[in-house]
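Observations on the model geometry
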Amino acid sequence: MTPTSLKRRLSVWGSALLVTCTLPGCTRSMSPDASADYRVSPQQAQGTPESQPSRSTKTESAVDQDDALEGEEVARFDAKEKSRSAPAPAGVMVGAASGASLAPMEAMAEPMAARPPPPSTPAPEMKRREAPGKLMAGQPLADKSKPKDGMDEADLATAARGNTFEAWKPNLFIDTVKDPLSTFAADVDTASYTVARRYLVQGTLPPSSAVRVEEFVNYFKYRYAAPEKGAFTVHLEGAPSPFDSKRHFVRVGVQGKVVSRSQRKPAHLVFLVDTSGSMNSQDKLPLAKEAIKIAVKNLNENDTVAIVTYAGSTRDVLPPTPATDVKRIHDALDTLQSGGGTAMGSGMELAYKHAVKKASGSVVSRVVVLTDGDANIGPNMGPQSMLESIHKYVAEGVTLSAIGFGMGNYRDDLMEKLADKGNGNCFYIDSYKEAKKVFETQLTGTLEVIAKDVKLQVEFNPAAVRRYRLLGYENRDVADNDFRNDKVDAGEIGAGHNVTAVYEVELTGDTQEALATVRVRAKAPNGTEAAEQAFPFERSLLRQSLEAASADFRFAVAVASTADILRGNPAAESWSLATAQKLAEGSAAGDADRNEFVRLVTQARALMGASARGN
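Read on for an overview of the structure.

Rules used in this analysis
Residues numbered from 1 in each chain as written. Predicted model: local features only at pLDDT ≥ 70, side-chain atom pairs only at ≥ 80, totals over all residues. Heavy atoms only, no water. Helix = DSSP H or I, 4+ residues; strand = E, 2+ residues; numbered from the N terminus. Buried < 20%, exposed > 50% of the residue type's maximum accessible area, 1.4 Å probe, protein only. Areas by Shrake-Rupley, 256 points an atom, 1.4 Å probe, with all protein chains shown as cover. Phe/Tyr/Trp six-rings, centres within 6.5 Å; stacked < 30°, edge-to-face > 60°. Lys NZ or Arg CZ within 6 Å of the ring centre and 35° of its normal. Pairing = 2+ DSSP bridges. Axes fitted to C-alpha atoms, helices over the stretch in contact; angles between N-to-C directions. Contact = heavy atoms within 4.5 Å. Core = buried A, V, L, I, M, F, W, Y, C linked by side-chain atoms within 4.5 Å. Parallel < 35°, antiparallel > 145°, perpendicular 65-115°, else oblique. Nonpolar A, V, L, I, M, F, W, Y, C, P; charged D, E, K, R; others polar.

1. Quick notes on the overall build of the chain
When you go through the chain residue by residue, the secondary structure sums to 18 helices and 20 strands. Expressed as a percentage of the 615 residues in the chain, the buried residues total 56%. Accessible area of the chain: about 24400 Å², with a carbon and sulfur share of 51%.

In structure tokens, the structure reads:
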């Protein structure tokens, strides 16, 4: 058994609950299996708000989260939602005094279910150029004693709770002589990082299948210079690895041009809101409504908003309305209540019909789905047919953003597919603070797509690079011979977006030849043929020491390596979270998001360390 697997297995016992009965002398420690008897089933929990205070220990990172959630709007939302919270169950404590207040994000999340031990059989290697293996975490297993390859014990616990993630086998090292080309689609999603943060704040390690390296890395902004002309520019850098003296890390950064709020095209947003019964908790529908209000506040006077809901049936709540008519929009939102089944497919059709009416080359038209992803698709429509219908609307100029909320039945796998098929992006909202970040800047600030079907291809030079490995982007893999096939769908870059990819490489020796050539191929927002640019990765861009590299480079390496460790990648078995934390601390540069990341790594180290000690 590998050290990482051992740590993940032991983390189950490290998070055993201490349950104190109301009767005197009735305190006992429970193993994870025993504690399962005390969990409320989804059927029992129906109609019970998930806002009930969490039973997990309040961590230092949660305390810091409290400190960060300041301001009048935050206080207003928290006060309103705390008033709806149910009282803590009598006699149940986990590492905190009864009645202790919890951070807003803590109060929204649930502790993870018990984790059965993982299999010791190693995962088979994936052949290069075959589609990476998709492994569903969250679907029932035919033989629960034999979990699917790629699923760890945290994935199985997630399956028991109803959350669903899609696991991907990590990229392998590739011999440059055999295959010098690495090709993938651009990705600006960030949901994976926010989901993992929620787990860590709640005092448990995230399931390995929930960790996507590229979404960790791209959650953060890097100080790349904007292009002087054209849609984007590329920034390249490399330096020795802090984990292995025989290897280096290299970074490819793509920066999109910035379009100011006053310069961008008018936008028409159709908010498709899930109002089914599963959205009945304070971190779901109430938070979704507040998020929309934040978005409206940051729209322009020429923008319009429509609202469609779906539960057992679909409903037109608000026809296209000027964003300046704030009262009418807020009044419509305040009428939304959760209840009934889920007919996502029917709601999607209605939302797209609204969006298509406004779509044109001079208007940004986008459907914004707000849901926990718990979707009974609807009558006469399966998941695949819904995704295919979404893809057809892309040709008519409508994009889609998938915004996830809540835990317990979260369909991360579906949210990813919605964003991919809809030529949009996927976010996860775990707090009011994150809602402000996504809906103030990442959504409304980057509504305008500046390049679509963006593909990157790195051609490594065999004379300079012996082997290479791309960290993440497994579900963005593009066949090398499809790089110049403009019919193959890829990623989109919005105004101001940057995309970062990190490679681990082994150099051949002292040659002064260029390490690689980086090519970017993309279409104009309304174009059908792609243009291509090439950027040489000169030897001069390889720093002699890690200390000589930029703070952005060091921080990107810290984030990518942390994600690789958390997902249990065998290639990162010898890596240390302590090293990643030190690297992040030295490159945080006072940035609030980066400082929060440092605290999360500290929390992850504590969880892994406590697990290894059996605490």
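There's more to say after this.
2. Here we look at the packing of aromatic side chains
A full pass over the atoms with the stated rule returns 18 aromatic pairs. Ring geometry for Phe 220 versus Phe 555: centroids 5.0 Å apart, planes at 80 degrees, classification edge-to-face. In this pair, Phe 220 is assigned in the loop between helix H9 (213-217) and strand E7 (232-240) and Phe 555 in helix H16 (residues 551-566), connecting sequence segments 335 residues apart. Of the two residues examined, Phe 220 and Phe 555, each falls in the buried class. For the ring pair Tyr 222 and Tyr 224, a centre distance of 5.8 Å and an interplane angle of 25 degrees mean the geometry is stacked. Each member of the pair, Tyr 222 as well as Tyr 224, carries the same accessibility label: buried. Ring-pair connections join several aromatic residues into one group, and the members of that group are Tyr 193, Phe 216, Tyr 219, Phe 220, Phe 555 and Phe 597. The ring of Phe 555 has Arg 594 sitting right over it, with the charged end atom 4.5 Å from the ring centre.

3. Points about the sheet that holds strand E13 (residues 398-405)
Overall, mixed pairing links the 6 strands, which are arranged E11-E10-E9-E12-E13-E14 in an open sheet. Whereas interior strands pair on both sides, the edge strands pair on one side only; in this sheet they are strand E11 (314-322) and strand E14 (425-429). Sheet twist, expressed as the average angle between the axes of neighbouring strands with direction ignored, equals 15 degrees. As paired strands, strand E10 (residues 304-310) and E11 are joined by 6 bridges and run antiparallel to one another. The partner of Thr 304 across the bridge, within E11, is Pro 322. Its contacts with the sheet put helix H10 (residues 285-297) on strand E9 (267-274), E10, strand E12 (364-371), E13 and E14, and the angle it makes with E9 is roughly 175 degrees. Here helix H14 (residues 412-421) sits on the sheet in contact with E12, E13 and E14, set at roughly 165 degrees to E13.

4. Concerning the environment of Gly 422
In this fold, Gly 422 is placed in the loop between H14 and E14. Classification of Gly 422 as buried rests on a relative accessible area of 0%. Linking Gly 422 and Ala 402, residues 20 residues apart in sequence, is a C-alpha distance of 9.0 Å. Here Gly 422 is in contact with Tyr 352, Ile 390, Val 394, Val 398, Thr 399 and Leu 400, once residues within four sequence places are set aside.

5. Observations concerning the nonpolar core
Phe 216, Phe 220, Phe 249 and Phe 597 are the most contacted members of the largest nonpolar core, which totals 42 residues. Mapped onto this core, the elements with two or more residues apiece are helix H8 (191-201), H9, H16, helix H17 (577-585) and helix H18 (592-613). One finds Val 234, Val 458, Phe 460 and Tyr 468 within the second-largest nonpolar core, a separate group that totals 37 residues.

6. Quick word on the packing of H10 against helix H11 (residues 326-334)
Running from N to C, H10 and H11 cross one another at 170 degrees; their axes reach a closest spacing of 10 Å. The angle between H10 and H11 places the two elements in the roughly antiparallel class. Mapping the contact onto sequence places Lys 289, Ile 292, Lys 293 and Val 296 in H10 and Val 326, Ile 329, His 330, Leu 333 and Asp 334 in H11. Residues belonging to the contact of H10 with H11 are distributed by class as follows: 5 nonpolar, 1 polar and 3 charged.

7. Structural notes on helix H15 (residues 432-442)
Where burial is concerned, most of H15 is hidden: 8 out of the 11 residues are buried. The set of residues buried in H15 consists of Tyr 432, Glu 434, Ala 435, Lys 436, Lys 437, Val 438, Phe 439 and Gln 442.

8. Some remarks on the pairing of strand E18 (residues 498-507)
Counting buried positions along E18 gives 10 out of 10 residues, so the element sits mostly inside the fold. Of the two faces of E18, the one lined by Asn 498, Thr 500, Val 502, Glu 504 and Glu 506 and the one lined by Val 499, Ala 501, Tyr 503, Val 505 and Leu 507 are each fully buried.

9. Considering the sheet that holds strand E5 (residues 174-175)
Strand order in the open sheet formed by 5 strands is E5-E16-E18-E8-E7, and the pairing between neighbours is antiparallel. Whereas interior strands pair on both sides, the edge strands pair on one side only; in this sheet they are E5 and E7. In the sheet, strand E8 (residues 248-256) pairs with E18 via 8 bridges, with the strands oriented antiparallel. Within E18, the residue paired with Arg 251 across the bridge is Val 502. The sheet contacts of H16 involve E7, E8, strand E16 (465-470) and E18, and relative to E8 the element is tilted by about 110 degrees.

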